[in-house]
2 protein chains.
Amino acid sequence: MSVIYNRVALIGLGLIAGSMAHAMRESGLAGEIIGHARSEATRDIAREIGLCDRICDSAAEAVAGADLVVLAVPVGAMGQVAAEIAPHLAPGATVTDVGSVKQAVIDAVGPHIPEGVHFIPGHPLAGTEHSGPRSGFASLFRNRWWLLTPLPGADPQATDRLSGLIAAMGAKTDRMEPGHHDLVLAVTSHAPHLIAYTMVGVADHLRRVTDEEVIQYSAAGFRDFTRIAASDPTMWRDVFLHNREATLDILGRFTEELFVLQRAIRMGDGDQLFDYFSRTRAIRRGIIEAGQDTEAPDFGRTPGAKP
Amino acid sequence: MSVIYNRVALIGLGLIAGSMAHAMRESGLAGEIIGHARSEATRDIAREIGLCDRICDSAAEAVAGADLVVLAVPVGAMGQVAAEIAPHLAPGATVTDVGSVKQAVIDAVGPHIPEGVHFIPGHPLAGTEHSGPRSGFASLFRNRWWLLTPLPGADPQATDRLSGLIAAMGAKTDRMEPGHHDLVLAVTSHAPHLIAYTMVGVADHLRRVTDEEVIQYSAAGFRDFTRIAASDPTMWRDVFLHNREATLDILGRFTEELFVLQRAIRMGDGDQLFDYFSRTRAIRRGIIEAGQDTEAPDFGRTPGAKP
Ligand SMILES: NC(=O)c1ccc[n+]([C@@H]2O[C@H](COP(=O)([O-])OP(=O)(O)OC[C@H]3O[C@@H](n4cnc5c(N)ncnc54)[C@H](OP(=O)(O)O)[C@@H]3O)[C@@H](O)[C@H]2O)c1
Ligand SMILES: NC(=O)c1ccc[n+]([C@@H]2O[C@H](COP(=O)([O-])OP(=O)(O)OC[C@H]3O[C@@H](n4cnc5c(N)ncnc54)[C@H](OP(=O)(O)O)[C@@H]3O)[C@@H](O)[C@H]2O)c1
């Protein structure tokens, strides 16, 4: 494929930025990739593994002359980073972000973006529980969705160019209104993460069952929760603080619903449980058909493979 | 390996029994494998795919002359099946079960077991969300735990022989008191399953977010929940009805804990969230070290693989 942006600046060098660097390189989509992360430790690792063509010690330096700037830091750090880079952005450049929450990022970043620079917020629906500069890989985005939430009046050419980069990295793009994005993600990602964190926390507190037993005999169910609950604490703290209303709304519904099932268990109402459990199977089928997951049992974990 | 039981009777021909049949055949552990399932449809499929050496139309016929009988039906059906087979059990035979709950199965099955027959309850900590006679595979139990909850006074020789079979199928055995088993499993499996069912149900009810969006944009978190919530409704109805107290206990703790985190989100207490999320990472690490899961990101789903 051919170069889509001459100089891409990645601010933050974790899982998402690292995967972008690998994916852009694999297909030759960027003339040059410049990186910056807050800590010297991360910048040193990025230099050591050659993650980018050049690593800068300041974000301001990194964005100079870039025609695409990607903000790939935790949601709560977006505003501060935007303020820092704003005076150094090249006219005509595009700024995007990969934050898991959109309205709060727009509110924090938008006001800093100078006239003549295009701000096009985005969110790749792809991730793992790993983080940091060594965790990225080129195929992370392949066949995954990458949602864009362009603001009213966004430049169509700039938006299409960014969509082109995303498609060239293997992802499918769609556009959505930011508030709606935040609600959809509260259902599909944010509330489930909080619930998984909570369940793992319960196990940790339960003294009648030793930690060792919980770990040793971890079965399907809990084991999957622990993976979700191993995700980066900073990232998730910021997601919950910045998608507060939608998350609390979904958690409220969740608790109501849980009480209904809890009561059915207490009352011994097997029919209600059976009906409920039967309905949820259909949703799973839809997700497999939509290509968002594999049908392989147990996620295709190679049975018996050494972990 | 060599034959451990001359004739094994599998009552119920679903995921667990099917996987046992494949595993025993692979290593030549049973002289003969006889199967029975309730419905003609399942028996026909089992015959068609040659799951066992012989499929019987009645459980009574299947257990005749067997030195090992495995009850692999939903927990709520165990008592009835035990009553049916009891008069036909061979003296000196061993009866085991694979139910996900132990005390309730012991209460239901125990009274039917005749003098001179060994009843040794068990539970393989291995499964997938698939069910039925076609879903089993030989490696399901490999490197997984298989807990036995022998009753006081159980015959050591019979127990060791059963442990030998389990080990020969690739699993690790351990022994546990039935009530303790039920509490450990309530934490590691039963409560997480109910929670996953609930969250998928919430998504289904949410009309502001269309079903299609939930499915289309299903991200890590929800996607994992849907897999858990796709498990067999009959099996899970029975698990909850028969491990009621422990499950309700854990769900109560879960709700308290969830309220604490919900409040932290509402109050904007980022430190509390961060600390909580940091603690749960350690548990994940322990599970990987215990060999109960893989460290591969995203469960080793081949990125970009066609589902
Ligand atoms: N992980 C996922 O599953 C996923 C999926 C979709 C979207 N996202 C979003 O993608 C963004 C990045 O996530 P990630 O998973 O790539 O995170 P990550 O692996 O934890 O990396 C975060 C990066 O941001 C840097 N950073 C943190 N605070 C900063 C600050 N104040 N100024 C400058 N740099 C700072 C970190 O630098 P140091 O290493 O020096 O601390 C690190 O390089 C987040 O907004 C997240 O919501 C994540
Ligand atoms: N799946 C798991 O993840 C897992 C893990 C560990 C333990 N277990 C336990 O293993 C047992 C079997 O589970 P599974 O996953 O193998 O289930 P499955 O695939 O749904 O198969 C269940 C089998 O039981 C038969 N059955 C149901 N009711 C019966 C009755 N009243 N009399 C005779 N046969 C009856 C069914 O026959 P039809 O097909 O004719 O209806 C079917 O062959 C359950 O007790 C479960 O708790 C399951």
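What you are looking at is a predicted structure, and each value in this text was computed from that prediction instead of being measured. (Residues numbered from 1 in each chain as written. Chains lettered and ligands numbered in written order. Predicted model: local features only at pLDDT ≥ 70, side-chain atom pairs only at ≥ 80, totals over all residues. Heavy atoms only, no water.)

### Quick look at the domain arrangement of chain A
All names here are of chain A.
No. 1: With domains assigned, chain A is organised as domain 1 (5-176) and domain 2 (180-300).
No. 2: For domain 1 versus domain 2, the distance between C-alpha centres works out to 30 Å.
No. 3: The partner domain 2 presents 18 residues to the 20 residues of domain 1 that form the contact.
No. 4: In total, domain 1 and domain 2 occlude about 1500 Å² of area from one another, counting both sides; carbon and sulfur atoms represent 61% of this.
No. 5: One can count one salt bridge joining domain 1 with domain 2.
No. 6: Note that Arg227 is salt-bridged to Glu129, the shortest N-O span being 3.2 Å.
No. 7: On the surface where domain 1 and domain 2 come into contact, there are six residue pairs in polar contact (both at pLDDT 80 or more).
No. 8: For the side of domain 1 that touches domain 2, the secondary structure elements donating two or more residues are α5 (103-109) and β7 (145-148). (Domains from an automatic or database assignment. Contact = heavy atoms within 4.5 Å. Buried area = accessible area lost by both parts, 1.4 Å probe. Salt bridge = Lys/Arg side-chain N within 4 Å of Asp/Glu carboxyl O. Polar contact = N/O pair within 3.5 Å; in protein donor to acceptor, adjacent residues only side chain to side chain. Helix = DSSP H or I, 4+ residues; strand = E, 2+ residues; numbered from the N terminus.)

### A few points about the relation of the copies chain B and chain A
Both copies of the chain are placed relative to one another by a rotation about an axis and a shift along it.
No. 1: Mapping chain B onto chain A leaves a residual RMSD of 0.0 Å; the transformation is a rotation of 180° accompanied by 0.0 Å of translation along its axis. As the rotation angle and translation indicate, the two copies are arranged about a two-fold axis. (Least-squares fit on C-alpha atoms with pLDDT ≥ 70 in both.)

### Here we look at the environment of Glu256 of chain B
Residues and elements named next belong to chain B.
No. 1: Considering the arrangement of structural elements, one finds Glu256 in helix α11 (residues 244-267).
No. 2: Of the residues examined, Glu256 reaches a relative accessible area of 56% and is grouped as exposed.
No. 3: Considering only alpha carbons, one finds Glu256 and Arg223, 33 residues apart in sequence, at a separation of 25 Å. (Buried < 20%, exposed > 50% of the residue type's maximum accessible area, 1.4 Å probe, protein only.)

### Quick notes on the interface of chain B and chain A
No. 1: The interface of chain B with chain A comprises 113 residues on the first partner and 113 residues on the second.
No. 2: Across the chain B/chain A interface, buried area totals approximately 10800 Å², and carbon plus sulfur atoms make up 69% of it.
No. 3: Our enumeration of links across chain B and chain A arrives at four salt bridges.
No. 4: Across the pair Asp204 of chain A and Arg279 of chain B runs a salt bridge whose closest N-O atoms are separated by 3.9 Å.
No. 5: Taken together, chain B and chain A are joined by 22 residue pairs in polar contact (both at pLDDT 80 or more).
No. 6: Those elements that place two or more of their residues in the side of chain B that touches chain A are β8 (145-148), α7 (178-205), α8 (211-216), α9 (222-228), α10 (233-242), α11 and α12 (270-289) of chain B.
No. 7: It is α7 of chain B that provides the largest number of residues to the side of chain B that touches chain A, a total of 21 residues.
No. 8: Here the side of chain B that touches chain A is built from residues that sort into 56 nonpolar, 32 polar and 25 charged. (Nonpolar A, V, L, I, M, F, W, Y, C, P; charged D, E, K, R; others polar.)

### Quick look at the packing of aromatic side chains
No. 1: If you walk through the whole model with that rule in mind, you get twelve aromatic pairs over all chains.
No. 2: Their ring planes at 75° and their centres at 5.3 Å tell us that Trp145 of chain A and Tyr217 of chain B sit as a pair that is edge-to-face. Of this pair, Trp145 of chain A sits in strand β7 while Tyr217 of chain B is found in the loop between α8 and α9, placing the two residues in two different chains.
No. 3: Judged by relative accessible area, Tyr217 of chain B falls into the buried class, the value being 6%.
No. 4: An aromatic cluster is present here, built from Tyr197, Trp236 and Phe240 of chain A together with Phe277 of chain B joined pairwise through their rings. (Phe/Tyr/Trp six-rings, centres within 6.5 Å; stacked < 30°, edge-to-face > 60°.)

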